[in-house]
Amino acid sequence: MYNDGAGTTYDAANAKNTDNAFTSFTPFDFGANFTKKADNSVAGEMRDCGECHVGGGFMQYYTASADAAKPFQYNPANRIDYRDAADPLKNPNAAAFNTVNNFNTYIDIFGLDGLGFEPTDHDGVARGPEKLPTYAAKFNDYSSTGVLEMDCLICHMDGYSWEARRNEVRKGNFDSSRAAGAGLGVSVDARNVAYNSNVTTLPDGTLALTATAGAKIAGTPKSANCASCHQQMHQVDWKKRGELWTEANDVHYGFGCMACHERKPNTAVGTTGLQSEVALGQCDPAKGGTSPFDALWNKVDNAGFKSCADCHLPSPTVTQAMVDANPSLKLNLNDWNTYGAPNASTAHKSAGLNAILLQAPGVRNGVPTKSHIDILDCTACHTRNKDGITGGAFVDGTGTDLEGRVAMHDTDSVSKDMENGLALHWLGGKLYSANLLTSFFWRDVNDLNYDANQDGRAGGMDALLQTHVAKLNLDAGVKALAEDGAITSEEISARQALIVAGLPALNGAAGTIVPRISMLTVPFKSTHNVSPADAAWGKPARDANGNVTAYGCAECHSAGSTFYQGAYPILTDNLSWTFKDGQLARFTKVNGKADESEGHPNIRDKHNQRTVAFTLFNAAPGATENVGTLINIDRSQVIYESTFKAPTALLTGFTETAFTAAGAPTGCTNSGGNTSTKGHILKIDVEKYDAVNSKWVTDASRTWTTNTEIAAGATAVDALVSSMGGFATNFGFTITNDAGKLKFTPAAGYRIRLNAEATDFAPFGLNANAYASAPQTGVIDQTVATGAVSWVSYLNGITPAKAGLLEKPAAAIGAIADIDPATPGLQVAINTDVNLVAADGQTSGFVTYDWSASDATAIADTQTSKVNFASEGAKTVTLKVTDEDGNVAFATVNLVVVTPPVEMISWADAAGALSGVLTVTGMPAHDKLKFVWGDGKYEYVTTSTANVSRAHLYATAGVKGVQVYFYQGSVLVGSTKKSIEVLGNN
């Protein structure tokens, strides 16, 4: 777009990449090379994307100021209307604007009348070849075409014609397109309209809408207006998400789009237009967003938006008065219209969805702290009402569609049946429903040596410019590969030959191109076509009173379910595809260029630690024609890795210890391609010890990027280290050759970490240093799974019974030793650990054990615990057992905490007899003793000795409470007691 502000510059002195700043905003002048280097532009987007874009922004304004202090793009003071941009009297930078650039030049993809390759015009008259696209660069004179201003009536006028506006936009009739869409007249040319009877002339000559036309303007947009761009057949959300706005397919249809998308009352409204203002503009509808795959992902996602929970699971109301009284509270007025939405809490709980049976992101040890409601987004279960809907296109980027757009995405051959068209993907630790939109397109796998798209950057397997592909097809009289419903290896070979022969003339670059088809899968969230509750995934069976009679777990947790598993249709029912060696190439390698994948790198695992990689075709089918086929992946492949892995300590923490790469540098060969992606990145995070403040502080992150492919072998590693220059020696660490592997040694006073996000681990032999196997333990039966196959098997075996949903918890406390059975009450000793054991709370499922003491003495909340009382007296210990579904059971035990007497009695049981010897020691001064034997007998013994032993014969075995009293004359001076056990025939 501009001469500055693009890409990065490598700063070798500091070993880092620096983003180039926007300073002058001078447009990049392509000169005679526009068609060689560009396939789209602002003027081109107006004709293409402008069919749905409401206008304004880059569709109307040019950033003209050279004042770098003004924020780029969103500052109204820093722009000028395109209609004035070429006029030096109105734009001091007009000379720069009037070059051949991405603002005023476009490539003709729609033809003279904007109808692409349509066989007839709107009146049914056959179109001649002179009307077809030329793919030539054309200058857009905005003073003649006008611009796409914000067209309020697209949203706010009942009956607005998206098609009429689109027809004019495609021809470049930008100014007159607004009146055509609103039905107020017909375009005479780009800036003039012949108005019809919907427009009247007032006495003063002012034009005005008639009362009938004015009555069609609605403050709240009608759903039909929204759907005309978003959710009608062949429109954007039909393509991306497989969604269609019909009464039969959405339980919310009667409320209309704005029931959710009209911002909540009291939502902040942005009025400055500044990028720094995080608020919806006055015309912006509220949107959900929060997905790295959504085109409008930005800071105002969810601002003022009514989520499912806002209507069905509203948080408690918090008024301003409550906030004033307690500033820790967050204002929540709940002042939006919920349209009588039923509260889903009771239904969720009765279906078992609130049960604590799932692990939080980052947890793998089998201990649950989350419920289905915590981990599953509403869309995962409720957006399945797709009966009769096609869409979710398999986008063919090898040719144009009938309208002239440079990819085909709205014909039967690339549209699938959405009834089986949804899958799940992780986003922020939650599972969302999504259509896996897959696109295929041409790339050059010889990008080490040939810059196919003339972007000036080697590496990365360039995607061919779509306009180049379209031009080659037009000249050869061929169409998109999928146009006839069958793609064969013979067709692919013919197109490869066409590209090899013809591309150098289009991009002006001599050399060898090696074309391959690559595929990219992107999950677009499915948020519409909401099913009624009784059609949601996992719905339980209920009786006439709404009581659950059987849980619905098996609808998801069974081998035949298609919720998180089962074949996902990448190929459509109307398209066949075969190929052979040398025709397809992987899209990318992820996780530090270790794992081949056709998936977007932002498809992450539950823990957001790794990319979930999956492939769509056999990379080496053989040389025989038509033997290779595409793979309908299993849904589980998008959410679970084939082998579970997690970052090692070298990614999650710093080390002062040297380490050597686990493998030798190997480069990055791409399956199905020729060589690799050049430009591997090695990034090291560094901390330095601050001796003055006795702490580690951030030093910097140091980056180095290769300029050639990496070879293996000790000699090659020497060369690799040498090519790093100061990066290998100057920044708090050294990199050396350790027997053909890279060795990293922190300098004294430094510690280092492999950067998790930027480093290409595999090419440098660091993959095993960065990631290690991380098995996942299941909550239900502690199954240990090593990857997707074993984990899905575990999930399929979960039943309500195993989950504990069919039983209530029970609480019981095991027996506690009584230190004095002869005394009433359960006696325990002060300042002594008393063992507490809870019986199993359930035979299955998951329970927690919570202990408490009546005097608040702390007790650990584990099944086996202990308590130690610091004071005497009566105490109560309570056990609370809570199951996964929140059901509770209690048990208590009453204790008497005492200071135990000094031990004075010992009993020597006579083996094989009902007798033994009782010895009493440590007695106070005395002259007589009384022995009470606990069997109804007693005796007096006259003695003053300190230690006395007496034998006794019992009639029966068992525990006997023995007591001894000490007398001095007739005065009782003390006593002692003990429970002894007579074993008898032992």
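Residues numbered from 1 in each chain as written. Predicted model: local features only at pLDDT ≥ 70, side-chain atom pairs only at ≥ 80, totals over all residues. Heavy atoms only, no water.

The name recorded for the chain in an unreviewed UniProt entry is PKD domain-containing protein, from Geoanaerobacter pelophilus.

Caption draft 1: How the structure looks around the pairing of strand E30 (residues 733–738). Sheet topology places E30 next to strand E31 (residues 741–746); six bridges connect them, and they run antiparallel. Bridge pairing links Asn-737 to Leu-742 in E31. From the end of E30 to the start of E31, which pair antiparallel, there are two residues, and Ala-739 there has a positive phi angle of about 55°. (Pairing = 2+ DSSP bridges. Helix = DSSP H or I, 4+ residues; strand = E, 2+ residues; numbered from the N terminus.)

Caption draft 2: Just the packing of aromatic side chains, in detail. Applying the stated rule across the entire model yields 31 aromatic pairs. Centre to centre, the rings of Phe-441 and Phe-587 are 6.4 Å apart; their planes meet at 80°, and the pair counts as edge-to-face. Of the two residues, Phe-441 is situated in strand E17 (residues 430–444) and Phe-587 in the loop between strand E22 (576–579) and strand E23 (588–590); the sequence distance between them amounts to 146 residues. Phe-587 matches Phe-441 in its accessibility class, with the two residues each being buried. Chaining the aromatic ring pairs together yields one cluster made of Tyr-2, Phe-58, Tyr-62, Tyr-82, Phe-97, Phe-103 and Tyr-142. (Phe/Tyr/Trp six-rings, centres within 6.5 Å; stacked < 30°, edge-to-face > 60°. Buried < 20%, exposed > 50% of the residue type's maximum accessible area, 1.4 Å probe, protein only.)

Caption draft 3: Expanded view of unusual backbone geometry. In this structure, Asn-591 takes a positive phi of about 55° despite not being glycine. When you line up the elements, Asn-591 lands in the loop between E23 and strand E24 (595–597). Not every positive phi belongs to a glycine, and Ala-856 is a case in point at roughly 70°. Tracing the sequence through the fold places Ala-856 in the loop between strand E38 (847–853) and strand E39 (864–867).

Caption draft 4: Region of the structure containing a negative patch on the surface. Side chains of Asp-387, Asp-417, Glu-419 and Asp-573 sit close together on the surface and give a patch of like negative charge. Structurally, the position occupied by Asp-417 is in strand E15 (residues 416–417). On the basis of relative accessibility, which here comes to 37%, the residue Asp-417 falls in the partly exposed class. (Patch = residues over 30% accessible without salt bridge, like charges linked within 9 Å, V, L, I, M, F, W, Y side chains within 5 Å. Areas by Shrake-Rupley, 256 points an atom, 1.4 Å probe, with all protein chains shown as cover. Salt bridge = Lys/Arg side-chain N within 4 Å of Asp/Glu carboxyl O. Lys, Arg positive; Asp, Glu negative; His and termini not counted. Charge placed at Lys NZ, Arg CZ, Asp CG, Glu CD.)

Caption draft 5: Examining the UniProt feature "domain: PKD" (unreviewed entry) in the chain more closely. With numbering aligned to this structure, UniProt lists the feature "domain: PKD" (unreviewed entry) at residues 847–904. In this annotation, residues 847–904 is assigned 0% helix and 57% strand; the end-to-end C-alpha distance for the span is 45 Å. (UniProt positions renumbered as here; feature names shortened; annotations may be inferred.)

Caption draft 6: Spatial organisation of the environment of Phe-579. Among the secondary structure elements, Phe-579 is positioned in strand E22. You can call Phe-579 buried: its relative accessible area is 1%. Phe-579 sits 42 residues away from Pro-621 along the chain, and the two C-alpha atoms are 7.9 Å apart. When residues no more than four places from it in sequence are discounted, the contact partners of Phe-579 are Ser-489, Ile-492, Leu-584, Phe-617, Asn-618, Pro-621, Thr-624, Asn-626, Val-627, Gly-628, Thr-629 and Leu-630. (Contact = heavy atoms within 4.5 Å.)

Caption draft 7: Structural context of the confidence of the model for the chain. Across the chain, the average pLDDT comes to 92, with 96% of residues at or above 70. Predicted confidence for residues 671–676 stays below pLDDT 50, and this span has 25 contacts to residues more than four positions away or in other chains. (pLDDT = per-residue confidence, 0-100.)

Caption draft 8: The arrangement of the pattern of salt bridges in detail. Counting across every chain of the model gives 40 salt bridges. A salt bridge links Glu-641 to Arg-610; its shortest N-O distance comes to 2.7 Å. Here Glu-641, found in the loop between strand E25 (628–629) and strand E26 (645–647), pairs with Arg-610, found in the loop between E24 and E25; they are 31 residues apart in sequence, far enough to count as distant. Taken individually, Glu-641 and Arg-610 each receive the classification buried, so the pair is uniform in this respect. Several salt bridges converge on common partners, so that one network encompasses Glu-51, Arg-166, Arg-170, Asp-401, Glu-403, Arg-405 and Asp-410.

Caption draft 9: Seen up close, helix H19 (residues 489–507). Between its first and last C-alpha, H19 extends 26 Å over 19 residues, near the 27 Å set by a 1.5 Å rise per residue. The sharpest bend along H19 reaches about 35° and sits at Ala-501, with the proline Pro-504 one to four residues further on. Turning to H19, the residues buried within the fold contact helix H1 (34–37), E17, helix H18 (466–476), strand E18 (486–487), strand E19 (515–525) and E22. Just beyond H19, the residue with positive phi is Gly-508, at close to 70°. (Expected span 1.5 Å × (residues − 1). Bend = angle between axes of the 7 residues up to and from the residue.)

Caption draft 10: Local environment of the pairing of strand E43 (residues 915–920). Burial within E43 is extensive, with five of its six residues counted as buried. By the bridge criterion, five bridges tie strand E42 (residues 905–909) to E43 in an arrangement that is antiparallel. Residue pairing in the sheet places Asp-909 in a bridge with Gly-916 of E43. Linkage of E42 to E43, two consecutive antiparallel strands, is achieved through a turn of five residues, within which Gly-912 is found at a positive phi near 80°. Bridge count for E43 against strand E46 (residues 948–953) is six bridges, and the pairing is antiparallel.

Caption draft 11: Highlighting empty space enclosed by the protein. For the structure shown, the criterion picks out one cavity of 30 Å³ or more. What the largest cavity holds in volume is close to 30 Å³. Considering the residues around the largest cavity, the lining is formed by Trp-442, Val-469, Leu-472, Asn-473, Arg-495, Leu-498 and Ile-499. Where the lining of the largest cavity is concerned, the elements lending two or more residues are H18 and H19. Across the lining of the largest cavity, the residue classes tally to five nonpolar, one polar and one charged. (1 Å grid on protein atoms, 1.4 Å probe; cavity = no way out; pocket = protein on both sides within 12 Å on 5 of 7 lines; lining within 4 Å. Points joined across faces, edges and corners; volume = space filled by probe spheres on them. Nonpolar A, V, L, I, M, F, W, Y, C, P; charged D, E, K, R; others polar.)

Caption draft 12: Layout of the state of the cysteines. The final tally for this structure, using the stated rule, is zero disulfides. In this structure Cys-152 is not part of a disulfide, and its nearest cysteine sulfur, from Cys-283, lies 5.3 Å away. A relative accessible area of 44% means that Cys-152 is categorised as partly exposed. (Disulfide = S-S within 2.5 Å.)

Caption draft 13: Representation of the side chain of Lys-960 in the model. Examined against the element boundaries, Lys-960 turns out to sit in strand E47 (residues 958–968). Ignoring sequence-local partners within four residues, the contact set of Lys-960 consists of Trp-933, Gly-934, Tyr-954, Lys-978, Ser-979, Ile-980 and Val-982.

Caption draft 14: Looking closely at H18. Among the residues of H18, Gln-466, Thr-467, His-468, Val-469, Ala-470, Leu-472 and Asn-473 are the ones counted as buried. Where H18 is buried, its residues contact H1, strand E5 (105–107), E17 and H19. Of the residues trailing H18, Gly-477 is marked for its positive phi of about 75°.

Caption draft 15: Representation of the sheet that holds strand E28 (residues 681–690). One open sheet holds the three strands; their spatial order is E29-E28-E32, and the pairing between them is antiparallel. The open sheet terminates on both sides in strands that have one partner only, identified here as strand E29 (695–705) and strand E32 (750–754). Ignoring which end each strand starts from, the neighbouring axes of this sheet average 25° apart. (Axes fitted to C-alpha atoms, helices over the stretch in contact; angles between N-to-C directions.)

Caption draft 16: Looking closely at the environment of Tyr-195. Mapped onto the elements of the fold, Tyr-195 is located in strand E8 (residues 192–195). For Tyr-195, a relative accessible area of 44% gives the class partly exposed. Expressed as a C-alpha distance, the spacing of Tyr-195 and Leu-184, which sit 11 residues apart in the sequence, is 5.7 Å.

Caption draft 17: Fine view of the packing of H18 against H19. Running from N to C, H18 and H19 cross one another at 115°; their axes reach a closest spacing of 10 Å. The angle between the axes of H18 and H19 places the two elements in the roughly perpendicular class. Every pair of crossing elements has a handedness; the one defined by H18 and H19 is right-handed. Residues His-468, Lys-471, Leu-472, Asn-473 and Ala-476 of H18 form the contact with H19, whose participating residues are Arg-495, Leu-498, Ile-499, Gly-502, Leu-503, Leu-506 and Asn-507. Each residue belonging to the contact of H18 with H19 can be placed in one class, and the counts come to six nonpolar, four polar and two charged. (Parallel < 35°, antiparallel > 145°, perpendicular 65-115°, else oblique. Left-handed = near helix turned anticlockwise from the far one by under 90°.)

Caption draft 18: Main features of the nonpolar core. Ranked by size, the top nonpolar core spans 48 residues in total, and within it Phe-394, Ile-492, Trp-577, Leu-584 and Leu-630 carry the most contacts. Listed by contribution, the elements that provide at least two residues to this core are strand E14 (394–396), E17, H18, H19, E19 and E22. Beyond its immediate chain neighbours, meaning those up to four positions away, Trp-577 contacts Phe-394, Phe-440, Ile-487, Ile-492, Ile-517, Met-519, Leu-571, Leu-584, Gly-628, Thr-629 and Leu-630. Ranked by size, the runner-up nonpolar core spans 30 residues in total, among them Cys-556, Val-779, Trp-791 and Ile-798. (Core = buried A, V, L, I, M, F, W, Y, C linked by side-chain atoms within 4.5 Å.)

Caption draft 19: Just the packing of helix H7 (residues 162–170) against helix H8 (residues 174–181), in detail. Orientation of H7 relative to H8, taken along the N-to-C sense of each, is 165°, at an axis distance of 8 Å. Regarding the angle of H7 to H8, the classification is roughly antiparallel. Between H7 and H8 lies a crossing whose hand is right-handed. Every residue of H8 that contacts H7 at Ala-164, Arg-165, Glu-168 and Val-169 is listed here: Phe-174, Ser-177, Ala-180 and Gly-181. Taken together, the residues of the contact of H7 with H8 break down into four nonpolar, two polar and two charged.

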